Amino acid sequence: MKKPELLAPAGSMESFKSAIHAGANAIFLAGQRFGARAYAKNFSIEDIREAVRYAHIYGVSVFVVVNTLIFNDEIEDIIKYTDQLVKLNIDALIVQDIGLIKLLVDRYPNTAIHASTQVNAHHVSQVKFLKSLGVKRVILARETSLEVIKEIKQAVDIELEVFIHGALCVSYSGNCLMSSILNDRSGNRGACAYSCRLPYQLLEDGRSVDDESFLLSAKDLMTIEYMDKLIDAGIDSFKIEGRMRKHTYVAQSVLSYRKAIDAYYNHETLDTKEEINKLERVFNREYTKGYMFDETPKEINNDFRPNHIGVEIGEVVDYEQNYALIKLSETLENGDGFRIIGNIDYGNTVTFMKRKNQTVIKKANAHETIWLKVKDKIEVGSKIYKTSDKNLEKNIELYMHDHIQVVPLKGYVKAFAGSPLVFELIDEFDHHLTITSKTNLEIASKKPLSKSDLKRQFSKFGGTPFYMDDIEIYTDEQSFMAISEINDIRRSITDELIALREYRIRSVINDKPFEAHQIKNSEHQLVVKVHSEAQLDAAIQLGVKEIYYDDLLARKIPNNLDIKFVPVRRRIIGQKPYVIGEETVVNEIGSLAINGNHSLIADEFMNVTNIYSAALLTNYHVKRVTLSSELDKSHVLDFSNKYLEIFNHRPNLEMIVYGHKDLMISKYCPVAKTFGHQPHCNLCFKHDYKLKSNTGDEFALINDGYCNMRIMDSKPLNLIDELDLLLDAHIQTLRLDFTSETKEETLDIIKAYQQAINHKTYQLKIQSERKGHFMKLFD
């Protein structure tokens, strides 16, 4: 069995080198644009050039993320940028945007394209579709269970990558608009404001059922205790999250998981408690084993604290004039970071401690009671946590030094008088190099070269990543050669080895045309999507000619009306095989792989933000494409014209002009968490649940039918005043999207839009609304 890759994050050169020296097989990083962590330090092109060369000498791969959704006016820039990266011999590009995936697969035949977890692949059909595009690796959604991963691995011959450690998004990746809509900072564009890390209250039928807490804040993922199961599943790459975190976190995470992987293959038992203790000290929000191991809602969420906790080391037993009396359960010393949590949340670095007899100390031992200098008044009974460990960080700093020797070599030396000296090197990739001296060895007149002399001289690799792990010496111990000539031989073969390890197949860049199937455009029309039977009745009553319906309503759809009813497939799909037997609205790429010849309508969570994504979909029986809510006015109005310019025909476009937007969809349920229930408790079908923010907004919670929780915006999007503008921009189909509206509200909204689209006077009073990204440049 091939040993799986250990893949580490790097948001800085410090993290990059620390990860390599600690034992990572591959590093993922971002340049200064198009990466999903825009606020990390990230890397310039020159940084990436240096990083790739450094990593390849160590035998480590470099993957560059370009995993944001791309707008039309960025396509030219991103292609120039990825051309530069490919010429630097990076090993792979990590991509979210499906149009960009296809562009890059065709353009770079010698460079692997990996599908980002932002693609939200969690079903075998989705992985099959990505493979058909030419993707070499799929980074699976974090919500994918281990059993499903095994099924996918058996069904599709493709590399699979999974997250094993670090922060968890509470939403299915690529399906979160919360930060984008509430804060104008899009997670799909690398600028997430982490709205999920804020406090919320749970409301049941309008009444609060708990105190405000961090109800959406996920614990950090930690799977070090389950590495045997993950390896046995055949997973190709184990990914550590954390491009925004310090190099000490990166190095310790790599060290711990490197030990776990190696212990498995060496048939050894690892003390995981010791490793977990170290991991907790560099960063933790408490830990969960995650959805791969079917974690419960209660164990996914940490409602106590949304950021680093550290490890508990004691309790406050008294307080006097800026000194807290602490009873310790482990050591504490000057330079350690600490946080005291009680009536207040106070953190600092230890600078001054003294014993109860007033003796000033630099280090306090476990079970001592000491006075710790603090700036705030501290409540007795508060807990103290160590948030950084000076000694641990000092040990980790060793991995920051350049050219740490971690690459093992095997050597052979033949040294016999009257013959040339022969030196052979073999590295871990089975590269064989042999060098022969230009002159013959002489009979020594005084002191001949011994085996130990030759071993010592040919094991000197200072200033390189290499060390001599094993060397065999064959000599008559009667010969002599100048040390300077031996050094020249060793340096020469080392340079050859470095060049060989740096070598990659010449990068190839193809300028291949992108195909787009021409489809028949719709007439200008208003369609309605309904979630409840009351909304369905309202749409029928007002003569709507095309109605999308959630499949929960399938049994309520009449078959004797002259109305086109189109089912909407869920975004998150179960693992049972499925077929599409009719025209369908789809939100995930697996439907493209299993569809026969039925027409499809691509919904907004296909994340179409550029013409190449739209064009790709037309090649899979998609007759109409809904534009992403991430697009602003300028991009929406220019979309059809740009498509016409490149593909010589117009697309058939749809846009949502009314509705409470899905802020996120989550496998985690705050209702089940609050009441301590397992999934499928059905409470959300018996009561009306909402999350209330500290700004007073109330976000409705809607079960998708599979116990994935949709969190809805408190204010609806309403673009009724912009309809003429959209129709003039060749947006053929305008959609009203209903979720929580009553029948009366649905009737009023549909009537107003019907009047507006027919250029009649309309009235629509909505107490609080949004214009979305569409108007953000003009508000």
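Just above, that's the structure.
Since this is a predicted model, take the numbers as computed values, not measurements.

J.: Got a sec to walk through the nonpolar core? Specific residues and values, please.
T.: Among the nonpolar cores identified, the biggest contains 175 residues, and F16, L93, I101, V138, F238, F423 and L736 are the most heavily contacted of them. By residue number, the principal contributor to this core is helix α9 (residues 247-265), which donates eight residues. Excluding its chain neighbours within four sequence positions, the residues that come into contact with L93 are V64, V66, T82, L85, V86, L104, Y108, A112, I113 and H114.

J.: Report on the pairing of strand β21 (residues 369-373), specifying residues and quantitative values.
T.: Strand direction decides the pairing type here: strand β14 (residues 323-328) and β21, joined by five bridges, are antiparallel. Looking at β21, one finds that I326 is bridged to I370. Two elements, strand β18 (residues 353-355) and β21, share three bridges in a ladder whose sense is antiparallel. In the sheet register, M353 faces β21, and the bridge partner there is L372.

J.: Help me get a handle on the pattern of salt bridges, residues and values and all.
T.: Any two side chains of opposite charge can pair, so long as their charged atoms come close to each other. As enumerated under the stated definition, the model contains 62 salt bridges in all. One salt bridge in this structure joins R137 and E161, with 2.8 Å as the shortest N-O distance. Of the two residues, R137 sits in strand β6 (residues 137-139) while E161 sits in strand β7 (residues 159-166), which places them 24 residues apart along the sequence. Residues R137 and E161 agree in their burial class; the two are buried.

J.: Quick rundown of unusual backbone geometry? Include the residues and the values.
T.: The backbone of N89 shows a phi angle near 70 degrees, a positive value even though the residue is not glycine. When you line up the elements, N89 lands in the loop between α3 (75-87) and β4 (92-95). For N322, which is not a glycine, the phi torsion comes out positive at approximately 65 degrees. The exposure class of N322 is partly exposed, given its relative accessible area of 34%.

J.: Give a detailed account of helix α18 (residues 633-647), specifying residues and quantitative values.
T.: Spanning 15 residues, α18 covers 22 Å between terminal C-alpha atoms, matching the ideal 21 Å at 1.5 Å per step. Of all the bends in α18, the largest measures some 45 degrees and sits at F639. Within the span of α18, buried status applies to K633, H635, V636, F639, S640, Y643 and F647. Here the buried face of α18 lies against α17 (611-618), β35 (653-659) and α21 (723-728). A positive phi of about 65 degrees marks N648, the residue just after α18.

J.: Help me get a handle on the side chain of N652, residues and values and all.
T.: Within the secondary structure, N652 is located in the loop between α18 and β35. Polar contacts involving the side chain of N652 include one to the side chain of S522, which spans 3.1 Å. From its side chain, N652 meets the backbone oxygen of K623 in a polar contact 3.0 Å long. Setting aside its immediate chain neighbours within four residues, N652 contacts I519, K520, N521, S522, K623, R624, V625 and Q732.

J.: Go over the packing of helix α15 (residues 533-541) against helix α22 (residues 743-757) with me, naming the residues and quoting the values.
T.: Axis separation between α15 and α22 bottoms out at 8 Å; the angle between their running directions is 35 degrees. Considering the relative orientation of α15 and α22, their crossing is right-handed. Across the interface between the two elements, A534, Q535, D537, A538, A539 and Q541 from α15 touch K743, T746, L747 and I750 from α22. In terms of residue class, the contact of α15 with α22 is built from five nonpolar, three polar and two charged.

J.: Would you mind going over the sheet that holds strand β8 (residues 200-204) in detail, with residue names and values included?
T.: A sheet is described by the order of its strands in space; here six strands give the open sequence β9-β8-β37-β38-β39-β36, paired in antiparallel fashion. Edge positions in the open sheet fall to β9 (207-208) and β36 (662-666), since each of these has one partner strand only. As paired strands, β36 and strand β39 (residues 709-712) are joined by four bridges and run antiparallel to one another. By the bridge assignment, D662 is partnered in β39 with M712.

Procedures and definitions
- Residues numbered from 1 in each chain as written.
- Predicted model: local features only at pLDDT ≥ 70, side-chain atom pairs only at ≥ 80, totals over all residues.
- Heavy atoms only, no water.
- Core = buried A, V, L, I, M, F, W, Y, C linked by side-chain atoms within 4.5 Å.
- Buried < 20%, exposed > 50% of the residue type's maximum accessible area, 1.4 Å probe, protein only.
- Helix = DSSP H or I, 4+ residues; strand = E, 2+ residues; numbered from the N terminus.
- Contact = heavy atoms within 4.5 Å.
- Pairing = 2+ DSSP bridges.
- Salt bridge = Lys/Arg side-chain N within 4 Å of Asp/Glu carboxyl O.
- Expected span 1.5 Å × (residues − 1).
- Bend = angle between axes of the 7 residues up to and from the residue.
- Polar contact = N/O pair within 3.5 Å; in protein donor to acceptor, adjacent residues only side chain to side chain.
- Axes fitted to C-alpha atoms, helices over the stretch in contact; angles between N-to-C directions.
- Left-handed = near helix turned anticlockwise from the far one by under 90°.
- Nonpolar A, V, L, I, M, F, W, Y, C, P; charged D, E, K, R; others polar.

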